[in-house]
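Secondary and tertiary structure notes
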Amino acid sequence: MVSIMQAFTAPVEPYPIDELFFEMLVLTPEVLQSHSRDLRQQVQRCMGIPVSIGVASSRTLTLSVDVGSRLVDLAHQQWAPR
């Protein structure tokens, strides 16, 4: 996965076992969203696993965004009409 990330940006810094940090400087929100979507699709294609991407101005905020998005996904699954 690191090599896929490095194709988008460098340097990539692994964090514990299942997370990576990297910087995407001087990008507009639209470009960040597009790069994030492209990166998720590339990882899915190459490795066959889903990933989530948190975008924020610091590592702490990025982790919070990621945890928050997982909770929202879980809530949608729990309360989705059947």
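Remember, it's a predicted structure, so these values are computed and weren't measured experimentally.

1. Details of the environment of Leu20
Mapped onto the elements of the fold, Leu20 is located in strand β2 (residues 19-22). By relative accessible area, Leu20 is classed as partly exposed at 22%. As for Leu20 and Met5, which are separated by 15 residues in sequence, their C-alpha atoms are 8.7 Å apart. Apart from the residues within four sequence positions on either side, Leu20 is in contact with Met1, Val2, Met5, Val12, Glu13, Pro14 and Tyr15.

2. Quick word on helix α2 (residues 29-47)
The end-to-end C-alpha separation of α2 is 27 Å, in line with the 27 Å expected for 19 residues at 1.5 Å each. For α2, the complete set of buried residues consists of Leu32, Ser36, Leu39 and Val43. Down the axis of α2, the smallest arc covering the buried residues is 65 degrees, so these residues share one side. Residues of α2 that are exposed and point over 90 degrees away from its buried face: Glu30, Gln33 and Arg45. Contacts from the buried residues of α2 go to α1 (2-8) and β2. Gly48 sits one or two residues past α2 and shows a positive phi near 75 degrees.

3. Description of a nonpolar patch on the surface
On the surface, Met1, Met47 and Ile49 cluster together into a nonpolar patch covering about 230 Å² of accessible area. Here Ile49 is to be found in the loop between α2 and α3 (59-79).

4. A short note on the pairing of β2
As paired strands, strand β1 (residues 12-15) and β2 are joined by 4 bridges and run antiparallel to one another. Counted as the bridge partner of Pro14 is Leu20 from β2. Where β1 folds back on β2, the antiparallel hairpin that results is connected by 3 residues, among which Pro16 adopts a positive phi of roughly 25 degrees.

What counts as what
- Residues numbered from 1 in each chain as written.
- Predicted model: local features only at pLDDT ≥ 70, side-chain atom pairs only at ≥ 80, totals over all residues.
- Heavy atoms only, no water.
- Helix = DSSP H or I, 4+ residues; strand = E, 2+ residues; numbered from the N terminus.
- Buried < 20%, exposed > 50% of the residue type's maximum accessible area, 1.4 Å probe, protein only.
- Contact = heavy atoms within 4.5 Å.
- Expected span 1.5 Å × (residues − 1).
- Arc of directions from axis to C-beta.
- Patch = residues over 30% accessible without salt bridge, like charges linked within 9 Å, V, L, I, M, F, W, Y side chains within 5 Å.
- Areas by Shrake-Rupley, 256 points an atom, 1.4 Å probe, with all protein chains shown as cover.
- Salt bridge = Lys/Arg side-chain N within 4 Å of Asp/Glu carboxyl O.
- Pairing = 2+ DSSP bridges.

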